[in-house]
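So you can see what is in the structure, the chains are spelled out below.
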Amino acid sequence: MGGVAQVHHLNLLLPHPAKYTTRTRRSSTRTGRARRRGVLCCSLSTDGQPAAAAAVGAPMMTISITGATGFVGRRLVQKLLSEDHKVCVLTRSASKATSIFPASKCPGITIAEQGDWDKCIQGSTAVVNLAGMPISTRWSPEIKKEIKESRINVTSKVVNYINNASVDARPSVFVSATAIGFFGTSEISSFDESSPSGNDYLAEVCREWEARARQVNQENVRLVLLRIGVVLGKDGGALAKMIPLFMMFTGGPLGTGRQWFSWIHLDDLVDLIYESLKNPAYRGVINGTAPNPVRLGGRGGGGGGGRVIGRPSWLPVPEFALKAVLGEGASVVLEGQKVLPVKAKQLGFSYQYPYVQDALRAIARDL
Ligand SMILES: NC(=O)c1ccc[n+]([C@@H]2O[C@H](COP(=O)([O-])OP(=O)(O)OC[C@H]3O[C@@H](n4cnc5c(N)ncnc54)[C@H](OP(=O)(O)O)[C@@H]3O)[C@@H](O)[C@H]2O)c1
């Protein structure tokens with residue numbers, strides 16, 4: 001594990017005094033093109049040189065990311081590269097990461113296994129922490145322990161590396177994922193960033209996960225804790241596992257049908273992370289959810305988003321079927337909570353998908 005030999009393109013990391021360089025160009029069209037092709041884009045300018053090297057303007061960042069190989073991380077990396085930033089993928093497996101981000105397509109990327117994470121973090125502008133064992137499994141006592149410890153251990157490690165970095169090498173921003181499970185579940189209450197934590201297992205996981213992130217030296221590092229809702233996208237997360245069930249079942253409520261579903265489209269979450277990196281006003285806890293949560297009331301319910309996946313009502317899936325694919329992780333959709341993104345709205349964050357019907361339609365178009 002570790003060793004410089006396992007780090008690809010480590011020389012692409014900028015030296016500390018150049019943590020910020022400048023550029024002018026946005027490249028949203030490339031992001032769109034790459035998304036359609038389903039490949040990860042890289043940040044080449046038209047003359048074949050890394051675009052960031054030649055351009056002048058807005059700050060260019062180097063961002064170290066744990067969990068970059070996951071559902072959210074892959075899209076975040078794609079976005080950052082398309083905006084001409086440099087990315088360091090902090091992973092447990094360089095070979096897995098290399099297959100996801102091949103060097104030929106991603107020259108702006110560095111891949112580091114655990115022994116080399118500190119080298120990448122030192123000299124990065126920012127760190128994004130997305131790692132954690134998936135919760136959509138059967139929850140044996142051992143797995144519950146690993147779900148929690150995987151998050152706590154990675155977060156502790158990253159925080160130590162940030163805190164121990166010398167002043168000129170220290171990242172100035174730490175964006176750490178957590179989840180709306182922090183609030184517990186309720187059919188009647190709604191939760192914003194100031195609401196207290198719940199008292200179930202996921203609430204406990206989130207509290208301890210956040211507590212580790214808060215140990216970052218906040219005098220020098222801006223901390224953003226994103227309490228993420230159920231992320232909707234076609235290539236991963238709970239929805240990808242549920243899509244075959246949508247195809248099989250055509251009606252009836254999900255669970256009681258009274259529970260709230262606080263969701264966010266993957267593209268909006270990635271934009272929220274990107275804003276958190278760039279904008280000094282983003283600080284502290286921010287709920288990473290869309291502004292319009294829905295009740296999962298089956299036919300006609302769930303925000304009225306029927307026919308989005310070619311079936312008469314969306315989420316028309318019985319509880320047993322959901323548990324078969326999500327294990328006890330199904331609790332996030334069978335129980336649920338109404339979480340409002342008060343802070344993101346105050347900050348003026350602009351959602352591409354404020355309504356679930358639009359989010360699901362966009363995803364269904366890509367299927
Ligand atoms: N997706 C959602 O709906 C949702 C909702 C709320 C919160 N979140 C949180 O947001 C973060 C990103 O979500 P995601 O859906 O992108 O997650 P994901 O696809 O499951 O990926 C997470 C990454 O974490 C690393 N990882 C997996 N198991 C691990 C373990 N046992 N120990 C250490 N690292 C491990 C892996 O990276 P390497 O193999 O490269 O190390 C993996 O690619 C997660 O922390 C998740 O809990 C997600």
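Residues numbered from 1 in each chain as written. Predicted model: local features only at pLDDT ≥ 70, side-chain atom pairs only at ≥ 80, totals over all residues.

### Re the packing of helix 6 (residues 141-164) against helix 7 (residues 201-213)
For any two helices packed against each other, one specifies the crossing angle of their axes together with the interaxial distance.
Link 1 in the chain: Relative to each other, helix 6 and helix 7 sit at 10°, their axes nearing to 8 Å. With respect to helix 7, the axis of helix 6 lies roughly parallel. On helix 7, the residues touching Lys144, Ile147, Lys148, Arg151, Ile152, Thr155, Ser156 and Val159 of helix 6 are Tyr201, Val205, Glu208, Trp209, Arg212 and Ala213.
Link 2 in the chain: Its residues assigned to classes, the contact of helix 6 with helix 7 shows seven nonpolar, two polar and five charged. (Axes fitted to C-alpha atoms, helices over the stretch in contact; angles between N-to-C directions. Helix = DSSP H or I, 4+ residues; strand = E, 2+ residues; numbered from the N terminus. Parallel < 35°, antiparallel > 145°, perpendicular 65-115°, else oblique. Contact = placed C-beta atoms within 7 Å. Nonpolar A, V, L, I, M, F, W, Y, C, P; charged D, E, K, R; others polar.)

### Some words on the site of the ligand
Link 1 in the chain: Neighbouring residues of the ligand: 27 residues in total, closest Gly67, Gly70, Thr91, Gly132 and Ser150.
Link 2 in the chain: Taken together, the elements giving at least two residues each to the shell around the ligand come down to helix 3 (71-82), helix 4 (94-100), helix 6, strand 7 (173-179), strand 10 (230-232) and helix 8 (237-248). (Near = placed C-beta within 6 Å.)

### Quick look at the environment of Ser140
Link 1 in the chain: Along the polypeptide, Ser140 turns up in the loop between strand 6 (126-129) and helix 6.
Link 2 in the chain: For Ser140, a count of 11 C-beta atoms within 10 Å translates into the label exposed. (Buried ≥ 20, exposed ≤ 12 C-beta atoms within 10 Å, placed from the backbone.)

### Describing the nonpolar core
When a protein is soluble and globular, its nonpolar side chains tend to lie buried together.
Link 1 in the chain: Ranked by internal contacts, the top residues of the largest apolar core, which has 89 residues, are Ile65 and Val89.
Link 2 in the chain: Look past the residues within four positions of Ile65 in its chain and what remains in contact with it is Gly73, Leu76, Val77, Val87, Val89, Leu90, Val128 and Leu130. (Core = buried A, V, L, I, M, F, W, Y, C linked by C-beta atoms within 7 Å.)

### A closer look at the confidence of the model for the chain
Caution applies to low-pLDDT regions: their predicted coordinates should not be interpreted in detail.
Link 1 in the chain: With 74% of its residues at a pLDDT of at least 70, the chain reaches an overall mean of 80.
Link 2 in the chain: Taken together, the stretch residues 1-57 has pLDDT below 50 and engages in 116 contacts with residues farther than four places along the chain or on a different chain.
Link 3 in the chain: Contacts for the low-pLDDT stretch residues 299-307, under 50 throughout, to residues beyond four places or in other chains number 29 contacts. (pLDDT = per-residue confidence, 0-100.)

### Here's the deal with the packing of helix 3 against helix 9 (residues 266-278)
Link 1 in the chain: Contact geometry of helix 3 with helix 9 gives a least axis separation of 10 Å together with a crossing angle of 60°. Compared by their axis directions, helix 3 and helix 9 come out oblique. At the point where helix 3 passes helix 9, the crossing takes the right-handed sense. Side by side, helix 3 and helix 9 meet where Val72, Arg75, Leu76 and Lys79 of the first sit next to Leu266, Leu269, Val270, Ile273 and Tyr274 of the second.
Link 2 in the chain: The class makeup of the residues in the contact of helix 3 with helix 9 is seven nonpolar, no polar and two charged. (Left-handed = near helix turned anticlockwise from the far one by under 90°.)

### With respect to the pairing of strand 4 (residues 86-90)
Link 1 in the chain: When you tally the buried positions in strand 4, you get five out of five residues, the bulk of the element.
Link 2 in the chain: The alternating pattern of strand 4 places Lys86, Cys88 and Leu90 and Val87 and Val89 on opposite faces, both of which are buried.
Link 3 in the chain: Pairing of strand 3 (residues 62-66) with strand 4, which is carried by five bridges, proceeds in the parallel orientation. In the sheet register, Ile63 faces strand 4, and the bridge partner there is Val87.
Link 4 in the chain: After leaving strand 3, the chain enters helix 3 and then returns to the sheet as strand 4, a path that is right-handed. (Pairing = 2+ DSSP bridges. Right-handed = clockwise from strand over helix to strand, strands pointing away.)

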